[in-house]
Amino acid sequence: MTQIVSLISFGLTIYSFALIVYIFMSWFPGARESQFGELLGKICEPYLEIFRKFIPPLGMIDFSPIVAILLLHFARQGFVQIAMMV
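Conventions we followed
Residues numbered from 1 in each chain as written. Predicted model: local features only at pLDDT ≥ 70, side-chain atom pairs only at ≥ 80, totals over all residues. Heavy atoms only, no water. Helix = DSSP H or I, 4+ residues; strand = E, 2+ residues; numbered from the N terminus. Expected span 1.5 Å × (residues − 1). Bend = angle between axes of the 7 residues up to and from the residue. Buried < 20%, exposed > 50% of the residue type's maximum accessible area, 1.4 Å probe, protein only. Contact = heavy atoms within 4.5 Å. Salt bridge = Lys/Arg side-chain N within 4 Å of Asp/Glu carboxyl O.

Quick notes on helix H2 (residues 35-54)
Phase 1: Its 20 residues give H2 an end-to-end C-alpha distance of 29 Å, which sits within 8% of 28 Å, the value for a rise of 1.5 Å per residue.
Phase 2: In H2, a bend of some 45 degrees at cysteine 44 exceeds every other bend along the element, and proline 46, a proline, comes one to four places later.
Phase 3: Taken as a whole, H2 has its buried residues at Gly37, Leu40, Gly41, Cys44, Glu45, Tyr47, Leu48 and Phe51.
Phase 4: Looking at the buried positions of H2, the neighbouring elements they touch are helix H1 (2-25) and helix H3 (64-85).

Written as structure tokens, this is what we have:
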């Protein structure tokens, strides 16, 4: 059971890093149009779209990825805590 919990926790951590890389790719022209950027877009955009519906950008700054990453972090922490109680 602990191996499954560790694997899911590791997967959520990797997904968080993928989100961070995808967000930083917006700073570099053409990075999201590369094969790697398109792959990350297919993985990250469905999750980020949920937050973009509710949190509009303020000027040129989009705060929805920050909220998305924080929620993912808290979900991972909560999952691990609940799994350890069982």
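Next comes the rest of the description.
A word on the pattern of salt bridges
Oppositely charged side chains can form a pair if their charged atoms are brought close together.
Phase 1: The full count for this structure, using the stated rule, is 3 salt bridges.
Phase 2: Arginine 52 is the salt-bridge partner of glutamate 45, the closest N and O atoms lying 2.6 Å from each other.
Phase 3: Overall, the relative accessible area of 26% leaves arginine 52 in the partly exposed class.
Phase 4: In this structure, glutamate 49 engages arginine 52 in a salt bridge whose closest nitrogen and oxygen atoms are separated by 3.8 Å. One end of the pair, glutamate 49, and the other, arginine 52, are both in helix H2, 3 residues apart, so they sit about a helical turn from each other.
Phase 5: Glutamate 49 gets classed as partly exposed once you look at its relative accessible area, which sits at 37%.
Phase 6: Here the salt bridges do not stand alone but share partners, grouping Glu45, Glu49, Arg52 and Asp62 into one network.

Interpretation note: all reported values are geometric properties and have no functional meaning in isolation.
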